[in-house]
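Report on the structure
One letter stands for each residue in the lines below.
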Amino acid sequence: QLDVCTCLGGYCMPHLVHFMLRRELVERYAIADESPLKSCCCLVWCAPCTLAQTRREMGYRGEFPGGLCVKEAPVRPMPQQ
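Residues numbered from 1 in each chain as written. Predicted model: local features only at pLDDT ≥ 70, side-chain atom pairs only at ≥ 80, totals over all residues. Heavy atoms only, no water.

1. Concerning the overall build of the chain
Broken down by element type, the chain carries three helices and zero strands. Listing each helix as α and each strand as β along the chain from the N terminus yields α-α-α. For the chain, with 81 residues in total, the buried portion stands at 17%. Residue pairs in contact within the chain that sit at least 24 positions apart in sequence constitute 36% of those at least 6 positions apart. (Helix = DSSP H or I, 4+ residues; strand = E, 2+ residues; numbered from the N terminus. Buried < 20%, exposed > 50% of the residue type's maximum accessible area, 1.4 Å probe, protein only. Contact = heavy atoms within 4.5 Å.)

As structure tokens, this is what we get:
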């Protein structure tokens, strides 16, 4: 039988871990326009998008974590002139 703590822990824990990773990367890469509130809102309303964005940014910065489906780091697109 499930209780409230189990349900909340199962929902909140992955978001908390992802939030901490995202904040660490914001500080490490000096991303200026990302407040803690913005990070939290993005995670709550679009967690898969923010996870993909975090992974892509790590690849751009040479810290690609690898993956099951994607074996190579993404290449930053060149701006069009």
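2. Quick word on the pattern of salt bridges
Counting across every chain of the model gives three salt bridges. Residue Arg28 is joined to Glu24 by a salt bridge in which the shortest nitrogen-to-oxygen separation is 2.3 Å. You can see Arg28 and its partner Glu24 sitting in helix 1 (residues 4-28), four residues apart, about one turn around the helix. Taking relative accessible area as the criterion, Arg28 reaches 41% and is therefore assigned partly exposed. (Salt bridge = Lys/Arg side-chain N within 4 Å of Asp/Glu carboxyl O.)

3. A short note on helix 1
With 25 residues, helix 1 should reach 36 Å at 1.5 Å per residue; the first-to-last C-alpha distance of 36 Å fits that figure. Maximal helix bending in helix 1 amounts to about 30°, located at Cys12; proline Pro14 follows within four positions. Among the residues of helix 1, His18, Arg22, Arg23, Leu25 and Val26 are the ones counted as buried. Tucked inside the fold, the buried residues of helix 1 contact helix 2 (36-45) and helix 3 (47-60). Once helix 1 ends, the next one or two residues include Ala30, with phi positive near 55°. (Expected span 1.5 Å × (residues − 1). Bend = angle between axes of the 7 residues up to and from the residue.)

4. Quick notes on the state of the cysteines
Going through the model one piece at a time under the given rule, you end up with one disulfide. No disulfide involves Cys40; its sulfur sits 5.8 Å from that of Cys41, the nearest cysteine. The cysteine Cys42 is free of any disulfide, with Cys41 supplying the nearest cysteine sulfur at 7.0 Å. Of the residues examined, Cys42 reaches a relative accessible area of 26% and is grouped as partly exposed. (Disulfide = S-S within 2.5 Å.)

5. Some thoughts on the side chain of Thr50
Inspection of the secondary structure puts Thr50 in helix 3. For Thr50, a relative accessible area of 4% gives the class buried. Setting aside its immediate chain neighbours within four residues, Thr50 contacts His18, Arg22, Cys42 and Leu43.

6. Quick look at unusual backbone geometry
Of note, Ala30 is a non-glycine position whose phi angle comes to about 55°, a positive value. Looking at the element boundaries, Ala30 is found in the loop between helix 1 and helix 2. Note on Ala30: relative accessible area 62%, which makes it exposed.

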